[in-house]
Amino acid sequence: MFWKGMKKKFIALFIPYLFFSISYVVLQSFSSDVNTRYTFTSVLNIYRTPISYLWYLYVLFFIFLTVSIMDLILDQVSMSY
C-alpha cells in the first residue's frame, strides 16, 4: 500500500515538476532579460536544488513522503497493540 501511494504521488508531483523545469529552462534560453539564468545542467540537479518558482512541488513531494512514512509507522505501532 505504501509503495502504491508513493508511486501515485511521484507521478502526480515529480513528472510535472520535471516537465515544467525543463520548459522553464528552454524558454529562459530564448530570453536575454533574465535575472537568474538556469542551464540545462541545472535540470540534472533538480533533485537537490529546485528551479525557481517550482520549489513548492519539490517541498510538497517530501511532505507527502514524510507523512506516508509516519502513517506507515503509526499503522505498525497500532497493529502491535
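Our structure's up above, just so we're on the same page.
Everything in this summary refers to the structure shown in the same document.

Here is what the cut-offs are and how they apply
Residues numbered from 1 in each chain as written. Predicted model: local features only at pLDDT ≥ 70, side-chain atom pairs only at ≥ 80, totals over all residues. Heavy atoms only, no water. Helix = DSSP H or I, 4+ residues; strand = E, 2+ residues; numbered from the N terminus. Buried < 20%, exposed > 50% of the residue type's maximum accessible area, 1.4 Å probe, protein only. Phe/Tyr/Trp six-rings, centres within 6.5 Å; stacked < 30°, edge-to-face > 60°. Core = buried A, V, L, I, M, F, W, Y, C linked by side-chain atoms within 4.5 Å. Contact = heavy atoms within 4.5 Å.

## Considering the side chain of Ser21
Argument step 1. Positionally, Ser21 belongs in helix H1 (residues 2–29).
Argument step 2. On the accessibility criterion, Ser21 (0% relative accessible area) is buried.

## Quick notes on the packing of aromatic side chains
The relative placement of two aromatic rings is captured by the distance of their centres and the angle of their planes.
Argument step 1. Counting across every chain of the model gives 7 aromatic pairs.
Argument step 2. Here the aromatic rings of Phe19 and Phe20 are separated by 5.1 Å at their centres, their planes lie at 75 degrees, and the arrangement is edge-to-face.
Argument step 3. A network of ring pairs unites the aromatic residues Phe14, Tyr17, Tyr58, Phe61 and Phe62 as a single cluster.

## What about the nonpolar core?
Nonpolar side chains tend toward joint burial in soluble globular proteins.
Argument step 1. Met6, Leu13, Tyr17, Val25, Val43, Ile46, Ile51, Leu54, Leu57, Tyr58 and Phe61 together form the largest nonpolar core, which totals 11 residues.
Argument step 2. If you tally residues by element for this core, the top one is H1, at 4 residues.
Argument step 3. Every residue in contact with Met6, bar those within four places of it in the chain, is listed here: Phe61, Phe64, Leu65 and Ser68.

## Focus: the environment of Ile15
Argument step 1. With respect to the helices, strands and loops of the structure, Ile15 is situated in helix H1.
Argument step 2. On the basis of relative accessible area, Ile15 is assigned to the partly exposed category, the value being 42%.
Argument step 3. Put simply, Ile15 and Leu44 are 29 residues apart on the chain and 14 Å apart in space, counted from C-alpha to C-alpha.

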